[in-house]
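Given next are the chains, with one letter for each unit.
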Amino acid sequence: MREILTTLLLLCAISSNAQLKWTGTWATAPQMTTKDNMPPISLSGGSIRQVVHISVGGSTLRIQLSNEYGDEPLLVKSIFIANAIDSCDIDRKSARYITFSGKKEARVEAGKAIFSDAVKFELRPLQLLAVTINYETCPKSVTSHPGSRTTSYIIKGEAKPNTSFASATRTDHWYHLSAIDVYGVYGGSVAVLGNSITDGRGSTTNHQNRWTDICAEKLIPQQADLGTTGILNLGIGGNCVLKGGIGEPAIKRFERDILGQRNLSAIILFEGVNDIGNSKGDSETVAMKLIETIQEFARKARAKGVKVFAATITPFKGHYYYTPFHEAARQTFNGWVRTSDIFDGIVDFDMLMRDSEHPETLKAEWQEDWLHPNATGYRVMGEYAAEILLGYSDR
């Protein structure tokens, strides 16, 4: 009965001029791989199995491969996807090969990213999907996302769907995989610009309990079968908005990582603590530059018809970032976020996470190192963010 109802809803949506579109269901921000985060064994001539946590489901998908920081072409023999079961294991019967212009082989030029062809695959909402890449040659300069908080598995030789990865070399990084889109009628996707608090520092490896994961878990089941919204985590640990930090600063990556997502309906801007925490003698100036830049991000997004939510910066007293001057800069930025009329909504993580008696600090039971939340804190943040997004959609 549910399948019949879904089909009828789809027909009604199509007949009422609803559009079939590619929509992001998972994404990560590509980075230049540092020496400490390189693959533990060579990917050339080998295979890597990577596991990702999907937000919305669908029956047709495509993947994106990134060689944007490569110094030579990335050559792939083949890629197949499958339902992840546990650790490195997959449901072998679910395996489907991905093609590129009708071929299993793929070539990604240095500095580029490409999408695969569409593939039919029954992707369940919130499931774990395994993506196995068989390499011919991997560039010496590797494109990756180090803060995967999820284990990847590397073996020598070309993997098939029945190949065992039990003795694989393990590493907690993603390589070359940057996005997964689904095709159909969707409400859009929400892209989150963030740093390590969004990337998941302090969450539990392989438990998929970053605040964005929790947000998706709470948000998606409460929406109808159609019109659901993908949640995309574009956080980078150590990232800054203005300059410095890890990865390209947000001012450089905003167009690609955020506005470049497919069927983008809303964004959440949750950055700035690293800029303030690393400022030396000019924290108020940094705060004002942050305000100008976040304001410009909002203008660009709204000009494209994208809703903009801004998040306040959470407390960090007890961490080495803290000084009275840095705290004053945080208060300046947060005060502006709460009173600005440029945003469609506010995600007040500061108000949510701070100790009521000591508002310059995180609640002790929700923090890992007085800067990053722990898994419990991330759950609280994710549930709250879902309430904000659902509340806005009900207006």
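Above this text you will find the structure in question.
These numbers were taken from a predicted model, which means no experiment stands behind them. (Residues numbered from 1 in each chain as written. Predicted model: local features only at pLDDT ≥ 70, side-chain atom pairs only at ≥ 80, totals over all residues. Heavy atoms only, no water.)

**Regarding helix 6 (residues 283-303)**
For helix 6, built from 21 residues, the straight-helix expectation of 30 Å at 1.5 Å per residue is met to within 8% by its first-to-last C-alpha distance of 30 Å. Three or more residues of helix 6 are buried, namely S283, V286, A287, L290, I291, T293, I294, F297, A298 and A301. Buried residues along helix 6 sit in contact with strand 17 (188-194), helix 4 (250-259), strand 19 (264-270), helix 5 (273-277), strand 20 (307-311) and helix 7 (324-339). Positive backbone phi, at 80°, marks G305, one or two positions downstream of helix 6. (Helix = DSSP H or I, 4+ residues; strand = E, 2+ residues; numbered from the N terminus. Expected span 1.5 Å × (residues − 1). Buried < 20%, exposed > 50% of the residue type's maximum accessible area, 1.4 Å probe, protein only. Contact = heavy atoms within 4.5 Å.)

**Thoughts on the side chain of T60**
Note on placement: T60 falls in strand 4 (residues 58-67). At 3.2 Å, the side chain of T60 and the side chain of K120 are in polar contact. Sequence-distant contacts of T60, defined by excluding residues within four places in its chain, comprise W22, A118, V119, K120, F121, D181, V182 and Y183. (Polar contact = N/O pair within 3.5 Å; in protein donor to acceptor, adjacent residues only side chain to side chain.)

**Observations regarding the pattern of salt bridges**
Tallying each qualifying case throughout the model produces 23 salt bridges. For E68, the salt bridge goes to R256, with nearest N and O atoms at 3.5 Å. With a gap of 188 residues between them, E68 in the loop between strand 4 and strand 5 (74-86) and R256 in helix 4 connect regions that are remote in the sequence. According to the relative accessible area criterion, E68 is partly exposed, its value standing at 22%. Between D181 and R262 there is a salt bridge, with its nearest N and O atoms 2.8 Å apart. Here D181 is found in strand 16 (residues 177-184), whereas its partner R262 is found in the loop between helix 4 and strand 19, with 81 residues between them in sequence. Where salt bridges share partners, they join E327, R330, R338, D348, D350 and R354 into one cluster. (Salt bridge = Lys/Arg side-chain N within 4 Å of Asp/Glu carboxyl O.)

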